[in-house]
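Given next are the chains, with one letter for each unit.
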Amino acid sequence: MKTTTALHFKNTFEKEVYEGLTAFPKRLSSKWFYDKKGDKLFQQIMDLPEYYLTGCEFQIIDQYKNEIATLFQESKGFDLIELGAGDGKKTKILLEEFLKQQLDFTYKPIDISQNMLEELEGAILKKWPEINIKVKQGTYFEILEKLNNQPSDRKKVILVLGSNIGNLTHPQAIDFLKNIRNSMAEQDLLFMGLDQKKDPEKILKAYNDSQGVTEAFNKNILHRINKELAGDFDPETFKHWPTYDPETGTTKSFLVSTKSQQVTLKNLNLQINFEPWESIHTEISQKYDDDVVNWLAQEAGLKVVTQFTDAQSQFTDYIFKT
Ligand code: AVJ
């Protein structure tokens, strides 16, 4: 019983869930994974043996921290702005190096999750009380908007680790990079980690781990809908299904209904029908190569100036300038 009256949504979550589940094919955005439970599950994912991304980038940063610090340093000081800081596990290696080299810097971690930010700030100040840290909660978009509206002459280094932009399609990634570029002056740098194309089997395992943590992470979006929109999804009747297309480098994750069923979301006054084996597309995790990265950069008016990779070229951290 779809309502015939005008629809009023309390927030973008309601609006996007409504639009995504009444569309064909059905979809839900991966940005809704990250409630309190989702944050915890993603932290568990980063510790999984199959989820090689975190370990690879950790290793790269640890190996090249000295060179990286030299590229970032600036006599008048710099602001390290991290988009999607999470628990800051990899960034802490850099912070430690900057402190060791007595660089003048301010750390500005930004995350969509206030929880994660509070934990991060607490952990950092406990370890290094002398650090200059200013946390900010918000989406990438809101933060970039703010950066653009408050130009500063201090050098900015923008950090986006963990292949976080892999959740965007190429056109969305170009838009995002253009936005970042608009906030960058000549001296500023963008440091971005991007997961590379590799053995499809290895990629698939990273999104389908043996302990089922990624499955729980994917299904958490259904639990969240149940909780926040008074829904009656039975997550057990959906199958976690990641795919990897080596031609495009796109990993896609789905939730597939194992039977014909009807789901009600009371708060949206909405009933949704699922055909047997009908899918909900929940995430893309794009994999890259140097050609694609150079193309994206060029489209956004950026240039790759340096790059660091691990011994097996599984993951690469790129430094871009305007
Ligand atoms: C945080 C977007 C980089 O796509 O690899 C991990 C999220 N999803 N396992 C990724 C994720 C499933 C992750 N990013």
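Scoring rules and cut-offs
- Residues numbered from 1 in each chain as written.
- Predicted model: local features only at pLDDT ≥ 70, side-chain atom pairs only at ≥ 80, totals over all residues.
- Pairing = 2+ DSSP bridges.
- Helix = DSSP H or I, 4+ residues; strand = E, 2+ residues; numbered from the N terminus.
- Contact = placed C-beta atoms within 7 Å.
- Axes fitted to C-alpha atoms, helices over the stretch in contact; angles between N-to-C directions.
- Expected span 1.5 Å × (residues − 1).
- Buried ≥ 20, exposed ≤ 12 C-beta atoms within 10 Å, placed from the backbone.
- Arc of directions from axis to C-beta.
- Parallel < 35°, antiparallel > 145°, perpendicular 65-115°, else oblique.
- Left-handed = near helix turned anticlockwise from the far one by under 90°.
- Nonpolar A, V, L, I, M, F, W, Y, C, P; charged D, E, K, R; others polar.

What to know about the sheet that holds strand β8 (residues 250–257)
Right, on to step 1. What the four strands build is an open sheet, ordered β1-β11-β8-β7; its pairing is mixed. Bordering the open sheet on either side are β1 (26–27) and β7 (238–245), each of which pairs with just one other strand.
Right, on to step 2. Of the pairings in the sheet, the one linking β7 to β8 comprises eight bridges and is antiparallel in character. Residue H240 lies in a different strand from β8, and its bridge partner there is L255.
Right, on to step 3. Running over the sheet, helix α9 (residues 213–229) touches β7, β8 and β11 (279–286) and is turned about 115 degrees from β7.

Details of helix α7 (residues 170–182)
The periodicity of an α-helix, 3.6 residues per turn, causes residues three or four positions apart to be oriented the same way.
Right, on to step 1. End to end, α7 covers 18 Å across 13 residues, agreeing with the expected 18 Å (1.5 Å per residue, within 8%).
Right, on to step 2. When α7 is considered as a whole, its buried residues turn out to be A173, F176, L177 and I180. Buried residues of α7, seen end-on, are gathered within an arc of 100 degrees and therefore sit on one face of the element.
Right, on to step 3. Buried residues belonging to α7 abut α6 (140–149), β5 (155–160), β6 (189–195) and α10 (290–300).

A look at the packing of helix α3 (residues 52–72) against helix α4 (residues 91–100)
The description of two helices packed together rests on the angle between their axes and the distance between the axes.
Right, on to step 1. One way to put it is that α3 packs onto α4 with a least axis distance of 9 Å and a crossing angle of 40 degrees. The angle between α3 and α4 places the two elements in the oblique class. Two packed elements cross with a definite hand, and for α3 against α4 that hand is right-handed. For the pair α3 and α4, contact is made by I61, D62, K65, N66, I68 and A69 and by I93, L94, E97 and F98, respectively.
Right, on to step 2. For the contact of α3 with α4, the per-class residue count stands at six nonpolar, one polar and three charged.

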